[in-house]
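# Structural characterization, general
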Amino acid sequence: MGTARRPTLKITHEQDVVARMRGTQDRIADAITAFAGTMAFVYLHALWFAVWIVCNEGLLGKGAVWDPYPFGLLTMIVSLEAIFLSTFVMVSQNRQAARENVRADLDFETNVRSEVWAVHMGRALGVDPVEVEHRVQELLAENRARMNEGR
């Protein structure tokens, strides 16, 4: 008589899959995007603009002026920063979309696994799967009807 073989359950976690997909460039883009979305970023820029304008309006003396009004250099720097920040945001959004796809795939896999187990357990208990599915369809239809009433 042989030994009973125990089934191995392979449960994939979303964080593990996403971590394997994430490279150094992704980590850098995420860090920049995370910082750009903080109030510290706003305060830093407000301070930077204030110092730039104060210096270039000559309030600290003529020797401190390097970009006189209308601040062409500041405008160019801010425009370039906006281009790069929008690119970093798009990179992060693409990674978030990929993460959502991984999550949806894992949810689907879990749902299929649960359904297969439920059918097998139902059969072992003598439950009619057709009758159960019919009741599920009725409940789903009732739920959809209630959701559509609210619209």
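What counts and how
- Residues numbered from 1 in each chain as written.
- Predicted model: local features only at pLDDT ≥ 70, side-chain atom pairs only at ≥ 80, totals over all residues.
- Heavy atoms only, no water.
- Helix = DSSP H or I, 4+ residues; strand = E, 2+ residues; numbered from the N terminus.
- Contact = heavy atoms within 4.5 Å.
- pLDDT = per-residue confidence, 0-100.
- 1 Å grid on protein atoms, 1.4 Å probe; cavity = no way out; pocket = protein on both sides within 12 Å on 5 of 7 lines; lining within 4 Å.
- Points joined across faces, edges and corners; volume = space filled by probe spheres on them.
- Expected span 1.5 Å × (residues − 1).
- Buried < 20%, exposed > 50% of the residue type's maximum accessible area, 1.4 Å probe, protein only.
- Arc of directions from axis to C-beta.
- Salt bridge = Lys/Arg side-chain N within 4 Å of Asp/Glu carboxyl O.
- Axes fitted to C-alpha atoms, helices over the stretch in contact; angles between N-to-C directions.
- Left-handed = near helix turned anticlockwise from the far one by under 90°.
- Nonpolar A, V, L, I, M, F, W, Y, C, P; charged D, E, K, R; others polar.

This brings us to the environment of Ala64. Turning to its location among the elements, Ala64 is positioned in the loop between helix 3 (39–56) and helix 4 (72–125). Linking Ala64 and Val54, residues ten residues apart in sequence, is a C-alpha distance of 9.2 Å. With near-sequence residues (within four places) excluded, Ala64 lies in contact with Cys55 and Asn56.

This prediction gives the protein chain a mean pLDDT of 89; 92% of its residues lie at or above 70. Mean pLDDT across the elements of the protein chain bottoms out in helix 1 (residues 14–21) (74) and peaks in helix 3 (97).

The space that makes up the largest pocket amounts to roughly 210 Å³. Along the walls of the largest pocket sit Ser114, Glu115, Ala118, Val119, Gly122, Arg123, Val127, Asp128, Pro129, Val132 and Glu133, which together make up its complete lining. Looking at which element gives the most residues to the lining of the largest pocket, the answer is helix 4, with six residues.

Before going further, it helps to spend a moment on helix 2 (residues 24–36). Taking 1.5 Å per residue, 13 residues should reach 18 Å; helix 2 reaches 18 Å between its end C-alpha atoms and fits that length. Among all positions of helix 2, only Asp26, Ala29 and Asp30 are buried. All buried residues of helix 2 fall inside an arc of 100° around its axis, so they share one side. Taken together, the buried residues of helix 2 touch helix 1 and helix 4.

The next point concerns the pattern of salt bridges. Two side chains with opposite charge may pair up if their charged atoms get near one another. In the structure shown here, the tally under the stated rule is four salt bridges. The salt bridge involving Arg95 is made with Asp30; its shortest N-O contact spans 2.8 Å. Of this pair, Arg95 sits in helix 4 while Asp30 sits in helix 2, and the two are 65 residues apart along the sequence. Between Arg135 and Glu138 there is a salt bridge whose closest N-O contact spans 3.0 Å. One end of the pair is Arg135 and the other is Glu138, both in helix 5 (residues 129–149) and three residues apart, which spans about a single turn. Relative accessible area serves as the criterion here: at 41%, Arg135 is assigned to the partly exposed category. The partly exposed category is assigned to Glu138, whose relative accessible area is 33%.

With that out of the way, let us pick up the packing of helix 2 against helix 4. At a closest axis distance of 9 Å, the pairing of helix 2 and helix 4 adopts a crossing angle of 115°. Crossing geometry of helix 2 relative to helix 4 is assigned as left-handed. For the pair helix 2 and helix 4, contact is made by Asp26, Ala29, Asp30, Ile32, Thr33 and Ala36 and by Leu85, Phe88, Val89, Val91, Ser92 and Arg95, respectively. The residue makeup of the contact of helix 2 with helix 4, split by class, is seven nonpolar, two polar and three charged.

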